[in-house]
Amino acid sequence: MNLSNTSHLFFYMLQFEAACRQPQVFCIITEYLSKGSLRAYLNKLEDDTRKEKEYLPISKLIKMALDVARGMEYIHSQGVVHRDLKPENILINEDFQLKIADFGISCEEAYCEFLADGLGTYRWMAPEVIKWKSYGRKVDVYAFGLILWEMVAGTIPYKDMTPVQAAFAVAHKVHPLRLSDIYTGAKLVVFVSWRGESGTYSKVLTHKQLYTNKI
């Protein structure tokens with residue numbers, strides 16, 4: 001595997017600092033990301049009732065989206081599937097760089113199908129996972145699309161459904177999420193990534209329009 005083109009993306013993942021394996025104290029120490037999770041950040045935007053709904057500026061949205069895409073591109077370059085990509089598992093440092101965290105149920109892509117337990121979170125789960133079909137790294141791209149949808153729509157996917165109802169809707173392709181609900185500038189960002197079962201992070205990172213002011 002040639003990592004020369006992806007090694008710089010390593011820093012878009014939560015960084016490991018140390019570990020303790022002494023009896024009674026088993027822990028992992030990571031870098032501290034002072035801005036908390038993307039979930040907390042989005043909740044703060046959504047709960048701000050002092051003014052009209054505040055959407056993320058398109059330039060900030062693209063920067064955040066690319067941070068996540070770079071981290072996930074590195075993870076996939078290592079043959080790993082995250083399997084639980086969601087705003088709670090994306091952390092933000094003091095420079096507002098987003099980093100991927102929580103690899104508790106990640107797996108090597110070649111062995112994911114043999115790990116039946118802990119398949120992720122229903123609301124961000126791809127159809128093939130819900131249906132117990134063969135799957136791979138593209139399930140992470142699907143979740144990425146849902147995260148972007150939330151970032152621009154200002155609400156969690158399938159907000160009026162329980163997690164089980166959301167899973168049923170996804171499995172039966174009853175998608176209440178439409179690009180028409182999103183302001184024009186952000187549609188491209190979501191469309192580039194959220195392509196059902198066919199997207200890749202490489203396509204997101206190489207989409208030239210994301211690096212221009214023409215969206």
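Keep in mind the model is a prediction, meaning the values are calculated, not measured.

Asks: What is the right way to read the packing of aromatic side chains from this model?
Replies: The geometry of an aromatic ring pair comes down to the distance between the two centres and the angle between the two planes. In the structure shown here, the tally under the stated rule is three aromatic pairs. Relative to Tyr 74, the ring of Phe 10 lies with its centre 5.5 Å away and its plane at 70°, an arrangement referred to as edge-to-face. Of this pair, Phe 10 sits in the segment before strand 1 (16-22) while Tyr 74 sits in helix 2 (residues 58-77), placing them 64 residues apart in sequence. By relative accessible area, Tyr 74 is classed as buried at 13%. Taking the centre distance of 5.1 Å and the plane angle of 70° together, the rings of Tyr 41 and Phe 96 count as edge-to-face. Within this pair, whereas Tyr 41 is found in helix 1 (residues 38-46), its partner Phe 96 is found in the loop between strand 4 (90-92) and strand 5 (98-100), the two being separated by 55 residues in sequence. Among the aromatic residues, those joined into a ring-pair cluster are Phe 10, Phe 11 and Tyr 74. Across the ring face of Phe 96, the terminal group of Lys 60 is positioned such that the distance to the ring centre comes to 4.4 Å.

Asks: What's the story with the packing of helix 2 against helix 4 (residues 138-153) in this structure? I'm lost.
Replies: Helix packing for two helices is described by the angle between their axes and how far apart those axes are. In contact at an axis separation of 11 Å, helix 2 and helix 4 are set at 165° when each is read in the N-to-C sense. Taken as axis vectors, helix 2 and helix 4 run roughly antiparallel relative to one another. Once helix 2 is placed against helix 4, the crossing between them reads as right-handed. Each of Leu 61, Met 64, Ala 65, Val 68, Ala 69, Met 72 and His 76 in helix 2 lies in contact with helix 4, whose residues at this interface are Asp 140, Phe 144, Leu 148, Met 151 and Val 152. Along the lines of polarity and charge, the residues of the contact of helix 2 with helix 4 split into ten nonpolar, one polar and one charged.

Asks: Even after reading the chapter, I still don't get the pattern of salt bridges, so can you show me in this structure?
Replies: By the definition in use, this model includes seven salt bridges. Across the pair Glu 31 and Lys 99 runs a salt bridge whose closest N-O atoms are separated by 2.9 Å. Of this pair, Glu 31 sits in the loop between strand 2 (25-30) and helix 1 while Lys 99 sits in strand 5, and the two are 68 residues apart along the sequence. A relative accessible area of 6% places Lys 99 in the buried class. Of the charged contacts in the structure, one is a salt bridge between Glu 88 and Arg 39, with a shortest N-O distance of 3.1 Å. Placement of the pair is Glu 88 in the loop between strand 3 (80-81) and strand 4 and Arg 39 in helix 1, with a sequence separation of 49 residues. Via salt bridges that share partners, Arg 39, Glu 88 and Glu 150 belong to a single interconnected network.

Criteria and cut-off values
- Residues numbered from 1 in each chain as written.
- Predicted model: local features only at pLDDT ≥ 70, side-chain atom pairs only at ≥ 80, totals over all residues.
- Heavy atoms only, no water.
- Phe/Tyr/Trp six-rings, centres within 6.5 Å; stacked < 30°, edge-to-face > 60°.
- Helix = DSSP H or I, 4+ residues; strand = E, 2+ residues; numbered from the N terminus.
- Buried < 20%, exposed > 50% of the residue type's maximum accessible area, 1.4 Å probe, protein only.
- Lys NZ or Arg CZ within 6 Å of the ring centre and 35° of its normal.
- Axes fitted to C-alpha atoms, helices over the stretch in contact; angles between N-to-C directions.
- Parallel < 35°, antiparallel > 145°, perpendicular 65-115°, else oblique.
- Left-handed = near helix turned anticlockwise from the far one by under 90°.
- Contact = heavy atoms within 4.5 Å.
- Nonpolar A, V, L, I, M, F, W, Y, C, P; charged D, E, K, R; others polar.
- Salt bridge = Lys/Arg side-chain N within 4 Å of Asp/Glu carboxyl O.

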